[in-house]
Amino acid sequence: PPGTNNGGWIAYGYYNWYRTVYNDRWCTYVSAQMHEFGHNLELRHSGEGVVWKADGTEDNAYRDQTGMMGYSYSGDDTPLMCFNPIKSYLLGWFADCVTDVTDPSVKTKRNLVGTADYQ
């Protein structure tokens with residue numbers, strides 16, 4: 001809760017479990033809540049494993065700002081975003097629109113529709 005900042009950490013959520021924990025004012029920020037809830041839904045950080053520092057340590061777990069599993073913002077009603085398209089796909093939210101095109105013998109014609117135009 002607010003006023004309890006200790007250790008410099010912000011928040012964490014357990015994978016595939018209901019528990020999330022917030023430090024200080026981060027419990028009031030919607031992006032931190034969505035981010036940690038994403039971990040409860042088994043989502044990983046969007047930027048993991050892409051950029052490495054010269055000393056071999058990870059430098060980008062939160063760098064991706066295209067959705068809620070990247071960087072978290074310190075605002076109580078911003079930003080206006082959700083999980084990015086790949087995270088939404090992993091959650092099965094667009095299952096009725098998915099076509100597996102890994103088999104080259106399958107011939108089909110489909111329209112490519114972005115998540116903003118999904119109906």
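Residues numbered from 1 in each chain as written. Predicted model: local features only at pLDDT ≥ 70, side-chain atom pairs only at ≥ 80, totals over all residues. Heavy atoms only, no water.

Caption draft 1: Seen up close, the packing of aromatic side chains. Within the structure shown, the criterion is met by six aromatic pairs. Taking 4.8 Å as the distance between ring centres and 55° as the angle between the ring planes, the aromatic pair formed by W17 and Y18 counts as tilted. The exposure class assigned to Y18 is exposed, which follows from its relative accessible area of 60%. With 6.0 Å between their ring centres and 50° between their planes, F83 and W93 make a pair best called tilted. Of this pair, F83 sits in the loop between α1 (30-40) and α2 (85-90) while W93 sits in the segment after α2, and the two are 10 residues apart along the sequence. In this structure an aromatic cluster arises from ring pairing among W9, Y12, Y14, W17 and Y18. Positioned over the ring face of Y15 is R44, at 4.0 Å from the centre of the ring. (Phe/Tyr/Trp six-rings, centres within 6.5 Å; stacked < 30°, edge-to-face > 60°. Buried < 20%, exposed > 50% of the residue type's maximum accessible area, 1.4 Å probe, protein only. Helix = DSSP H or I, 4+ residues; strand = E, 2+ residues; numbered from the N terminus. Lys NZ or Arg CZ within 6 Å of the ring centre and 35° of its normal.)

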